[in-house]
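Spelled out from the first residue to the last, the chains are:
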Amino acid sequence: MSLPRQTIVFVLLAILGVAFWTLMSGYAPDAELNRSALYYAQNTAQETGAQNIVTAIIVTYRGLDTLGEVTVLFLTAAIVGLVLSHSFAPKKAAGPGILPPGELLTTGARILVPMILLFGAYVFINGHLTPGGGFQGGAILASGAVLALLADPTRRFSHSIIHLVESGSGLFYVTIGVIGAVLAGGFLDNRILPLGEFGTILSGGAIPLIYTLIGLKVGAEFSSILESFEETEDAA
Amino acid sequence: MSEIAMFTGFILILMGLYGALTHRDIIRMIVGFTIADAGVNIVLVSVGMMAGRTAPILDVIAPADAAAAIIDPVPQALVLTAIVIGLGITALMLAYAYRLFRFRGSLDISEFRDLKW
């Protein structure tokens, strides 16, 4: 690293640091909720029946953004698969220098993977009641997939199952959105199902259903990204 | 409290950018970008913090009192989105880094001069 380039980096970061400092010194936390936050705070409970306001915003009020977000994830998984597909190893071929995972990891994975999958399902089913939801639960499902891959690097998940879960949940998600537009107030409206008793697991209309679909889709997307990396020549 | 989180977030952004700009190794640059991404998320969440209030979950608070008892839920929803997109970006960067490594047998950014002017 030549000295002048290092200096340029420091000068740029110093300018950015001054900008951040100005932002911070002029920052005063709000004492009251702003208008949109106030609307969500006052109306979420009777409009969506969801206890967790963040979930209500993500799944219902800003549901279209979430659909876009899931699409971005799908595109990422597809592009990662495309970019890495040139270096996929031949089937059943073991790469150079593969380390055996060891007894502890193999046995531990056998106990932990089902528990991790159960926990992921718990997190996305309770997304409208507790902190959590489809994205978090899907990431937990994928962490179970990582553990299974670490314990047995030659293991392959079934592509057809992953694709079935991925496309099936995506299709159901959009169908629920369209049903919402026909039967209730608009696309992805959750009031197609009864709102139920506030604070119970079967409340919030279609929110638990939508978040379960998002959880399955996110878990399948992440697993397929991981699998693309795992199938390259150098990994396995 | 929110000032501490915001300060940490800004420091993480600067650290991550410093790492991404000074390192030659592509994996280290990706780690730098990931650290900066975490910093941006921390800053965003800290903006929604309000002293003396609680999380936007109405399990013990009655929905009628919510307006005076909860913090701003919007930044949290935005950050949830940002985290997922950040993960997608990281996965893409790693996939490209792997392809570059297969292509040139090196992860040193100075070996890739094709688009340099």
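Quick caveat: nothing in here was measured; it's all calculated off a predicted structure.

About the criteria used
All residue numbers here refer to positions counted from 1 along the written sequence of the relevant chain. Chains carry letters from A onward and ligands carry numbers from 1 onward, assigned in written order. Side-chain atom pairs in this predicted model are given and counted only at pLDDT of 80 or more, local residue features only at pLDDT of at least 70, and totals for whole chains, interfaces and linings cover all residues. The secondary structure listing takes helices from DSSP runs of H or I that are at least 4 residues long and strands from runs of E that are at least 2 residues long, numbered from the N terminus. Here the radius of gyration uses the C-alpha set of atoms, whereas the globule reference equals 2.2 Å times the residue count to the power 0.38. Exposed residues have 12 or fewer other C-beta atoms within 10 Å of their own C-beta, buried residues have 20 or more, and partly exposed residues fall in between, where C-beta atoms are placed from the backbone. A pair of residues counts as a contact when their C-beta atoms, built from backbone coordinates, are separated by no more than 7 Å. Working convention: axes come from line fits to C-alpha atoms, limited for helices to the stretch in contact. Angles between N-to-C directions cover 0 to 180 degrees. When an angle is under 35 degrees it counts as roughly parallel; over 145 it counts as roughly antiparallel; between 65 and 115 it counts as roughly perpendicular; any other value is oblique. In this classification, Asp, Glu, Lys and Arg are treated as charged, Ala, Val, Leu, Ile, Met, Phe, Trp, Tyr, Cys and Pro as nonpolar, and every other residue, Gly included, as polar. Each residue after the first adds 1.5 Å to the expected span of a helix. A set of buried Ala, Val, Leu, Ile, Met, Phe, Trp, Tyr and Cys residues, joined through C-beta atoms within 7 Å, is what we mean by a nonpolar core. Throughout, a crossing is termed right-handed when the near helix is turned clockwise from the far one, and left-handed when it is turned anticlockwise from it by less than a right angle. A residue's pLDDT is the predictor's confidence in that residue, given on a scale from 0 to 100.

Q: What is the right way to look at the overall build of chain A in this model?
A: In terms of regular secondary structure, chain A is built from eight helices and zero strands. For chain A, whose C-alpha radius of gyration is 23 Å, the value lies well above the compact-globule estimate of 18 Å for 236 residues. By its C-alpha atoms, chain A is 60 × 55 × 35 Å across when sized along the principal axes. Of all 236 residues assigned to chain A, the portion counted as buried reaches 37%. Of the contacts formed within chain A by residues at least 6 apart in sequence, a portion of 72% connects residues at least 24 apart.

Q: Got a minute to help me understand the environment of Arg24 of chain B in this structure?
A: All names here are of chain B. Mapped onto the fold, Arg24 is located in the loop between α1 (2–22) and α2 (26–47). By C-beta crowding, Arg24 is classed as exposed, having 12 other C-beta atoms within 10 Å. Residues Arg24 and Asp108, spaced 84 residues apart in sequence, show a C-alpha to C-alpha distance of 5.4 Å. If sequence neighbours within four positions are ignored, Arg24 has contacts with Asp108, Ile109 and Ser110.

Q: Teacher, can you tell me more about the packing of α2 of chain B against helix α4 (residues 74–104) of chain B here?
A: Relative placement of two packed helices is described by the angle separating their axes and the distance separating the axes. Residue and element names in this part refer to chain B. For the pair α2 and α4, interaxial distance at closest approach is 10 Å and the crossing angle is 175°. With respect to their mutual orientation, α2 and α4 come out roughly antiparallel. Taking contact as the criterion, the partners of Ile26, Ile27, Ile30, Phe33, Thr34, Asp37, Asn41, Leu44, Val45 and Val47 in α2 are, on α4, Pro75, Gln76, Leu78, Val79, Ala82, Ile83, Gly86, Thr90, Met93, Leu94, Ala97 and Leu100.

Q: Explanation requested: the interface of chain B and chain A in the structure shown.
A: Accessible area lost during the coming together of the parts is what is often quoted as the interface size. If you look at the interface, chain B gives 37 residues, while chain A gives 41 residues. Those elements that place two or more of their residues in the side of chain B that touches chain A are α1, α3 (66–69) and α4 of chain B. Examining the composition of the side of chain B that touches chain A, we find that 15 residues originate from one element, α4 of chain B, more than from any other. Taken together, the residues that form the side of chain B that touches chain A break down as 28 nonpolar, five polar and four charged.

Q: How should I be thinking about α2 of chain B in this particular structure?
A: Residue and element names in this part refer to chain B. Between the first and last C-alpha of α2 there are 32 Å, a value that for 22 residues agrees with the 32 Å anticipated at 1.5 Å per step. Within the span of α2, buried status applies to Ile26, Met29, Ile30, Ala36, Asp37, Gly39, Val43, Val45 and Ser46. Taken together, the buried residues of α2 touch α1 and α4.

Q: Which parts of the structure should I look at to understand the environment of Arg191 of chain A?
A: Residues and elements named next belong to chain A. Structurally, Arg191 is set in the loop between α7 (159–183) and α8 (207–230). For Arg191, a count of 18 C-beta atoms within 10 Å corresponds to the partly exposed category. Linking Arg191 and Thr44, residues 147 residues apart in sequence, is a C-alpha distance of 12 Å.

Q: What should I look at first to understand unusual backbone geometry in this one?
A: Leaving glycine aside, a negative phi is the common case for residues, and trans is the common case for peptide bonds. Residues and elements named next belong to chain A. With phi around 65°, Leu188 is a residue other than glycine that occupies positive phi space. On the secondary structure map, Leu188 appears in the loop between α7 and α8. On the basis of neighbour count, Leu188 is assigned to the buried category, with 25 C-beta atoms found within 10 Å.

Q: Help me understand α8 of chain A in this model?
A: Side chains of residues three or four places apart in an α-helix project in the same direction, reflecting 3.6 residues per turn. With 24 residues, α8 of chain A ought to run about 34 Å at 1.5 Å a step, and its terminal C-alpha atoms sit 34 Å apart, in line with that. Counting buried residues along α8 of chain A, 22 of its 24 residues qualify, which places the element largely inside the surrounding structure.

Q: It is not clear to me how the nonpolar core should be interpreted in this structure. Could you clarify?
A: Burial of nonpolar side chains together is a common tendency in soluble globular proteins. Ala41, Ile53, Ile57, Ile210 and Ile214 of chain A together with Ala77 of chain B are the most contacted members of the largest nonpolar core, which totals 58 residues. In terms of residues, this core owes the most to one element, α8 of chain A, which gives 11 residues. In contact with Ile53 of chain A, not counting residues within four places along its chain, are Tyr40, Ala41 and Thr44 of chain A together with Pro56, Ile57, Ile70 and Pro73 of chain B. Listed in part, the five residues of the second largest apolar core include Met6, Phe10, Ile13 and Val43 of chain B.

Q: Just to check I follow, could you spell out the packing of helix α5 (residues 103–125) of chain A against α8 of chain A for this structure?
A: All names here are of chain A. Two elements in contact, α5 and α8, have axes whose closest approach is 8 Å; the angle formed by their N-to-C orientations is 140°. The angle between α5 and α8 places the two elements in the oblique class. Judged by the twist between their axes, the crossing of α5 over α8 is right-handed. Every residue of α8 that contacts α5 at Gly120, Phe124 and Ile125 is listed here: Pro208, Tyr211, Thr212, Gly215 and Gly219. In the contact of α5 with α8, the residues fall into four nonpolar, four polar and no charged.

Q: What is the right way to look at the confidence of the model for chain A in this model?
A: Detailed reading of the predicted coordinates is not advisable wherever pLDDT is low. On average, residues of chain A score 86 in pLDDT, and 94% of them are at 70 or above. Within chain A, α5 of chain A carries the highest mean pLDDT (93), whereas helix α2 (residues 35–48) of chain A carries the lowest (88).

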